[in-house]
Amino acid sequence: MGVTRGFTGRERKGADERLPPGQYDTGSSWPVLTAELAPHIDLTTWELAIGGLVEQPTNWTWDELRALPASSYNGDIHCVTTWSKFDTHFGGVSLDTLLEVARPKPEATHIVATATTGYTTNLPIDDVLDGKSWIVWEFDGKPLAQEHGGPVRMLVPHLYFWKSTKWITRIDFLDHDEPGFWERNGYHDRGDPWLEQRYQGDA
Amino acid sequence: MTSVPVGRSWTTGIVREIERPTDQLVKIRFEVADRTPHRPGQHYVVRLRAPDDYTAQRSYSIASDPDDPLVEIMVEVLPRGEVSPFLHEIAEVGDEFELRGPIGRWFVWNDDVPSICIGGGSGVVPFVSMMRYAQRTGIDPRLRVIASAQTRERLPYVDELESYGALVALTRENHHDRVAAHIYPDEVKALAFGAQRAYVCGSVGFVSFAGRILGDAGISDENVRVEQFGPSA
Ligand SMILES: Cc1cc2nc3c(=O)[nH]c(=O)nc-3n(C[C@H](O)[C@H](O)[C@H](O)COP(=O)(O)OP(=O)(O)OC[C@H]3O[C@@H](n4cnc5c(N)ncnc54)[C@H](O)[C@@H]3O)c2cc1C
């Protein structure tokens, strides 16, 4: 399709190679988008369950999680609503650490992550294993704010951010793909920002 | 899930009508090629393309009734924004835009579930589509609307909201005999009575405020559907 008459775009300081197609740099702001009201989570009773096709279904309490070796992510994040945020710092634990205990079975191909609100999202396991995903509770050295999924969320920074489940409470391993909340509502099953996989039907 | 349709590819919208009801609002009515019918509450993505192929895309709720031959959006201009000032200042009848939609299968109301809607500022737009649909099909008693804004001038569709019977809650000026104030619990309680679902749309701060007063009015969190616009505070 052709050029939009009269549109030149916001002044761009050269094309930033860290910006996936169709994204803009949101700078210091961090927009919030959710489909539900932000829940209040009590960490004294909170648990993260890992189940489905795993050798050892496990439940982690907040204190147990905090006792694990810490892992952090320093880098960019991308939201399907077209903002990207550069150089973020998240602190938490690598999902790999939790999976050393749970041990996904060989037939597991996908996960579904679930929030206390009932929100779900699906991911191929190749997108969460080997240092690609985290359970996080710190942002820029401070506790993660409630509206950003605090006290605890998942982080899968190489995919659009709706895959990074806020207020996460369980992860289930499956031998098939099972679309989650936004995926059933028209969003892409994988969500790679560099391929602009925004909606169902995108490449 | 339900069979709410979602537009799967980009299409073209030609601007057939454009109106600037205030310095801060622009209403655009598109003729959409290969149009997929929408449900009230869904939105379109508008994509602008610069000569060097740079693109900017933003989501806009649909204001029109599904039966309307044109698709209508209402955009509030954000200072220093990229897309909304362009639509307000430059877009004209005859222009063509890349559009994608309708999108969203969650924030839709097209059935007989008695519902209450609370919109802040341009967050009322999806409710206008719901209202128009409800009036045409005669199920309007099942849809109650609360619209909040600082002033009358800042509230899109204010006349239409009033004639529908929506509660207009202005925070910075008196409105008929209502003294300027945020929506207060008793106002919501009266309208939430019998509602099985709530829809809330607006800024992040507005949404959490509306969620709290809905909770006080007896609507539990899992029955609240939310759509948030705009940057966080
Ligand atoms: C599902 C959905 C439905 C929506 N429906 C509607 C609707 O019906 N009506 C409506 O009006 N809006 C709606 N929105 C919001 C809309 O998509 C846009 O976010 C809005 O129009 C602002 O876009 P913009 O390009 O003008 O502003 P942006 O360029 O995105 O900027 C947003 C704000 O950030 C600031 N900003 C951003 N970048 C910079 C920068 N580089 N320097 C300085 N400041 C900056 C600007 O001050 C501006 O106020 C909807 C959003 C969603 C997600």
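The structure under discussion appears in the preceding block.
On a predicted model such as this, the values are computed, not experimentally measured, just so you know.

K.L.:
Is there a simple way to explain the pattern of salt bridges in this structure?
P.N.:
Side-chain pairing between opposite charges can occur once the charged atoms of the two side chains come close. Going through the model one piece at a time under the given rule, you end up with 26 salt bridges over all chains. Residues E196 of chain A and R198 of chain A are paired through a salt bridge, measuring 2.9 Å at the closest nitrogen-oxygen approach. Of the charged contacts in the structure, one is a salt bridge between R132 of chain B and E72 of chain B, with a shortest N-O distance of 3.3 Å. Highlighted residues: R132 of chain B in helix α2 (residues 125-137) and E72 of chain B in strand β5 (residues 71-76), separated in sequence by 60 residues. For the pair R132 of chain B and E72 of chain B, a shared accessibility class is recorded, and that class is buried. Within this structure, E17, R29, D68, E72, R132 and E160 of chain B form a network of salt bridges that share partners.

K.L.:
Got a minute to help me understand the site of the ligand in this structure?
P.N.:
Taken together, 23 residues sit near the ligand, with S59, Y60, R80, V83 and S84 of chain B positioned nearest. Two or more chains meet at the ligand, and those chains are chains A and B. Between the ligand and M74 of chain B, the relevant distance is 3.0 Å, taken from a nitrogen atom to a main-chain nitrogen or oxygen of the residue. Between an oxygen atom of the ligand and a main-chain N or O atom of E76 of chain B, the distance comes to 2.8 Å. Listing elements by their share of the shell around the ligand, those giving two or more residues are β4 (55-61), β5, α1 (84-89) and β11 (224-228) of chain B. Among the elements that line the shell around the ligand, the one with the most residues is β4 of chain B, at four residues. Residue composition of the shell around the ligand, by class: 10 nonpolar, seven polar and six charged.

K.L.:
Any chance you could explain the packing of aromatic side chains here in plain terms?
P.N.:
The geometry of an aromatic ring pair is captured by two quantities: the separation of the ring centres and the angle between the planes. Summed over the entire model, instances satisfying the criterion amount to 21 aromatic pairs over all chains. Seen from their ring centres, Y119 of chain A and F181 of chain A are 5.7 Å apart, and the 50° between their planes marks the pair as tilted. Of this pair, Y119 of chain A sits in the loop between β6 (110-115) and β7 (120-124) while F181 of chain A sits in helix α3 (residues 181-184), placing them 62 residues apart in sequence. Of the residues examined, Y119 of chain A reaches a relative accessible area of 9% and is grouped as buried. Ring centres of Y160 of chain A and W162 of chain A lie 5.8 Å apart, and the angle between their planes is 15°; this geometry places the pair in the stacked category. With respect to class, Y160 of chain A is no different from W162 of chain A; both count as buried. Aromatic rings pair up to connect Y119, Y160, W162, F181, W182, Y187 and Y199 of chain A together with W106 of chain B into one cluster. Lying across the ring of W10 of chain B, R47 of chain B places its NZ or CZ 3.8 Å from the centre. Over the aromatic face of W106 of chain B sits the side chain of R225 of chain B, whose NZ or CZ is 4.0 Å from the ring centroid.

Cut-off values and rules
- Residues numbered from 1 in each chain as written.
- Chains lettered and ligands numbered in written order.
- Predicted model: local features only at pLDDT ≥ 70, side-chain atom pairs only at ≥ 80, totals over all residues.
- Heavy atoms only, no water.
- Salt bridge = Lys/Arg side-chain N within 4 Å of Asp/Glu carboxyl O.
- Helix = DSSP H or I, 4+ residues; strand = E, 2+ residues; numbered from the N terminus.
- Buried < 20%, exposed > 50% of the residue type's maximum accessible area, 1.4 Å probe, protein only.
- Near = heavy atom within 4 Å.
- Polar contact = N/O pair within 3.5 Å; in protein donor to acceptor, adjacent residues only side chain to side chain.
- Nonpolar A, V, L, I, M, F, W, Y, C, P; charged D, E, K, R; others polar.
- Phe/Tyr/Trp six-rings, centres within 6.5 Å; stacked < 30°, edge-to-face > 60°.
- Lys NZ or Arg CZ within 6 Å of the ring centre and 35° of its normal.

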